[in-house]
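What follows is each chain in one-letter form.
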Amino acid sequence: MKILVNGRHLEVTPALKSYAEEKIGKFEKYLSNITEAVVTLSVEKYRHKVEVLLKANGVMIQAEGITGEIYSSIDEVVEKLEKQVKKYKEKLVSHRKGENKASAVPAAPFYEEGTIIKKKRFDMKPMSPEEAVMQMDLLDKDFFVFANDTSGDINVIYRRKDGNYGLIEPVKR
């Protein structure tokens, strides 16, 4: 596993880098297929923030910790990641048993006039809607864009207010 430690408004000392690498490195024994871990350390006034993104076989697990001290922020983010990795592994096991099937309900489009303030690019691994739901939950987001492994089309899975999930699929004409 490759661990990248970056600093924003903070000089990353060798001691700080080795502490972060040691803490994040232990996830390799839980998930053997982690290819990369990106650790971003930042300071804003009195807030010390640590963001971690684990990339494992096309799945991304993300967490952040904010405290008054950088080392405790690292510890906090590691605790959050442990919960997410455990959740991911449990879902993998239950997915293999055929449990936790998401209901697929198409949604009406939503439009609000405004300005695009952020653009994001990311790799898309073809996956089933069930895998997309799991990925969305791991990233703790309300929607997830993915390539459907059966049709090859770009789909969107989203969390509905009633706790279920919706799937948006393009219609070919």
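Residue indices follow the written sequence of each chain, beginning from 1 at its first position. With the structure being a predicted model, the display of local features is reserved for residues of pLDDT at least 70 and the display and counting of side-chain atom pairs for 80 or more, all residues being used for whole-chain, interface and lining totals. As a rule here, side-chain values cover all heavy atoms of the structure and leave hydrogens and water aside.

Explain the overall build of the chain to me, please; I cannot follow it from the model alone.
Looking only at helices and strands, the chain features three helices and seven strands. Secondary structure elements in the chain, listed N-terminal to C-terminal, are β-α-β-β-β-α-α-β-β-β. Burial classification: accessible surface area is computed with a 1.4 Å probe over protein chains only, and a residue below 20% of its type maximum counts as buried, one above 50% as exposed, and the rest as partly exposed. Evaluated residue by residue, the chain yields a buried proportion of 34% over its 173 residues. Taking the contacts inside the chain whose residues are at least 6 apart along the sequence as the reference set, 43% of them involve residues at least 24 apart. In the form shown here, the chain has an accessible surface area of approximately 11500 Å², with 51% of it arising from carbon and sulfur atoms. Secondary structure elements follow DSSP: runs of H or I no shorter than four residues count as helices, runs of E no shorter than two count as strands, and numbering proceeds from the N terminus. A contact between two residues is defined here by any heavy atoms of the two lying within 4.5 Å. Areas reported here follow the Shrake-Rupley algorithm with a probe of radius 1.4 Å; residue values treat only the protein chains shown as occluding.

Explanation requested: the sheet that holds strand 7 (residues 165–168) in the structure shown.
Strand pairing in a sheet relies on backbone hydrogen bonds, with the paired strands running either antiparallel or parallel. By definition, two strands form a pair when at least two bridges between them are found by DSSP. If you walk across this open sheet you meet the three strands as 5-6-7, and the pairing is antiparallel. Looking at which strands have only one partner, the edges of the open sheet turn out to be strand 5 (143–147) and strand 7. Across the sheet, the axes of successive neighbouring strands diverge by a mean angle of 20°, strand direction being ignored. When strand 5 meets strand 6 (residues 154–159), the two strands line up antiparallel, connected through five bridges. By the bridge assignment, Val-145 is partnered in strand 6 with Val-156. Note on definitions: angles span 0 to 180 degrees between N-to-C directions of axes, and those axes are lines fitted to C-alpha atoms, for helices only across the stretch in contact.

Teacher, can you tell me more about the side chain of Thr-67 here?
Its place among the elements puts Thr-67 in strand 4 (residues 59–67). Identification of polar contacts relies on pairs of N or O atoms within 3.5 Å, with a donor-acceptor requirement for protein atoms, meaning one able to donate a hydrogen and the other able to accept it, and with residues adjacent in sequence counted only if both atoms are side-chain atoms. A polar atom in the side chain of Thr-67 sits 2.6 Å from the side chain of Ser-73. Leaving out residues up to four positions away in the same chain, Thr-67 has contacts with Tyr-46, Arg-47, His-48, Ser-72, Ser-73 and Glu-76.

I keep staring at the environment of Asn-57 and nothing clicks. Help me out?
Looking at the element boundaries, Asn-57 is found in the loop between strand 3 (47–56) and strand 4. Residues Asn-57 and Thr-35, 22 residues apart in the sequence, show an inter-C-alpha distance of 7.2 Å.

Can you walk me through the packing of aromatic side chains in this structure?
Any pair of Phe, Tyr and Trp rings, taking the six-membered ring for Trp, is counted once the centres come within 6.5 Å. Such a pair is stacked with planes under 30 degrees apart, edge-to-face with planes over 60 apart, and tilted for the rest. Enumeration according to the criterion identifies one aromatic pair in this entry. The interplanar angle of 75° and the centroid separation of 4.9 Å between the aromatic rings of Tyr-19 and Tyr-71 together place this pair among those described as edge-to-face. Highlighted residues: Tyr-19 in helix 1 (residues 14–25) and Tyr-71 in helix 2 (residues 70–96), separated in sequence by 52 residues.

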